[in-house]
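Residue-level structure breakdown
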Amino acid sequence: MGKWKSALGLFTVLLLGTVLITQEMDVETNAADKQEKGSLVIVGGALSPDNAEVYDAFLSLAMDYRNKPKEEVKIGIMPTASATPVQSATSYKEDFIRYGADEENIEILPIAVSDDPSTEEDEAKWKDGANDEKLAEQVKKYDAIWFVGGNQLDYTDTLLANGKDTPVLASIRENYSNGAVLGGSSAGAAVMSDPMIGAGTSIGALNQGVTNEDNYGDAEDNRVFLTDGLGFFEAGMVDQHFVKRGRFGRLIVGAWDAGNEMGYGIDENSAMIVHNDNQSIEVIGESGLVIVDLSNAKKTKEYPTAMKDVTISYIEKGDRYFWESKTYQITEDKPLIEQPYYPESTTNTGIFGEDALKQVLTYDLVDSDSDEAVGLAYELTDEKKGEGFKLVFSEVDQTKGYWGKIDGVESYAAINVSLDIIPMEIKLKVDKVNEKKMEKF
């Protein structure tokens, strides 16, 4: 995991009247020696039971671990984060069976914090299950482990004890280091990095920064909440439900504060497959993966946040990113965009809205006549004014766009786009003439 070492330079920004700082990564000289042997299937939430691509990838990697046929693969399902643990785990169990796993080889681990009303047993009594030595030995037999969605804090509350691994978590790590596959969706994706994001919104993070206090459900506190994760993925910070919920602002702020040079945002019904053997991330599924590179970024110390030179990329099905070399391999189904299709873009007034980031990076920038696309995000502070951010996405020499169709569905990649984030104030002006007309209407 990259660590920020020191503030190297000062940059004056006349528009903001503020000072920006830059940081550099402390590179671990023997990082390759620390790479795990297993693989990760990190799903951005809302995984459809019909997403054969994701389920098949998970089962295929499980088969590779001990060179087993699919019907002999042993899978453990962690139901811990769900408010209905048995229901959620059983749903995944049925999906794995549907895609070829044997029912007798799929087990639900008795580790939970919530009682499932659909059963007679009180699953809340499973809270200390991760300390069970017999269960820990059982876990070592699994070829794959799946983490269901829900509240990611329930995973760390049960699998970690005073910051240290419980016996079950230690067995999971041993499996992973030996070549097993770990997967998870939503909360099961969030726990993959350490630290992990527990809550917060993009505009809240940009306006107010970071907290280490649990603010989930607090409508007055939208800072990005950073806390301990499980740390299976060491190449940066992970966020989920990403493009659908416009979470790239909170990922940028969270990754910077945590000292992560890289941030990865995987969208819904999609997966980032982490291949540690060649240090690559493969994208599969319905949507895509956003990759944020802060290695050249500058940021204000104070909030609201101002940033320059963030590098942001978006890739989809069939594309790969190699994190050590910071290079991309775009599927041949998507040729380089030589002649943009769309005219110059207009300003997007809801940049943290559903799918807005994909729209701006693709239709409005790499596949348009524009070399710059602008997005706005703001909140009203009273009837006449508000505050927010102007986000400027720019093509630079390294920027490339790709487009094609895969199985009849269009697919994009937008590589190495430069992003500046500028705080702004807005004023509302009433059109008096039209107001008078409305009074007569």
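I will try to describe carefully the structure that is included in this document. None of the values given here were measured: they were computed from a predicted structure. (Residues numbered from 1 in each chain as written. Predicted model: local features only at pLDDT ≥ 70, side-chain atom pairs only at ≥ 80, totals over all residues. Heavy atoms only, no water.)

A few points about unusual backbone geometry
As a reminder, the rule being used: Only DSSP runs of H or I with at least four residues qualify as helices, and only runs of E with at least two residues qualify as strands; both kinds are numbered from the N terminus onward.
Residues D194 and P195 are joined by a peptide bond in cis, for which omega reads 0 degrees. Of note, P195 is situated in the loop between α6 (187–190) and β10 (196–199). Going from Y303 to P304, the amide bond is cis rather than trans, its omega being 5 degrees. Locating P304 in the fold gives a position in the loop between β18 (298–300) and β19 (307–316). Backbone geometry at D355 places phi at a positive 65 degrees, although glycine is not the residue there. With respect to the helices and strands, D355 occurs in the loop between β21 (327–329) and α9 (356–366).

Quick notes on the pattern of salt bridges
Any two side chains of opposite charge can pair if their charged atoms end up close together. The line we're drawing: Criterion for a salt bridge: a side-chain nitrogen of Lys or Arg within 4 Å of a carboxyl oxygen of Asp or Glu. Whether a residue is buried, partly exposed or exposed follows from its accessible area with a 1.4 Å probe, protein chains only, as a fraction of its type maximum: under 20%, in between, or over 50%, in that order.
Scanning the entire structure with this criterion turns up 18 salt bridges. In this structure, the salt-bridge partner of R250 is D239, at a minimum N-O distance of 2.7 Å. Placement of the pair is R250 in helix α8 (residues 248–258) and D239 in strand β13 (residues 237–239), with a sequence separation of 11 residues. Judged by its relative accessible area of 3%, R250 falls in the buried class. In this structure D239 comes out as buried when scored by relative accessible area, which is 0%. The closest approach of N and O atoms between D293 and K326, which form a salt bridge, is 3.2 Å. Of the two residues, D293 sits in strand β17 (residues 288–293) while K326 sits in the loop between β20 (320–322) and β21, which places them 33 residues apart along the sequence.

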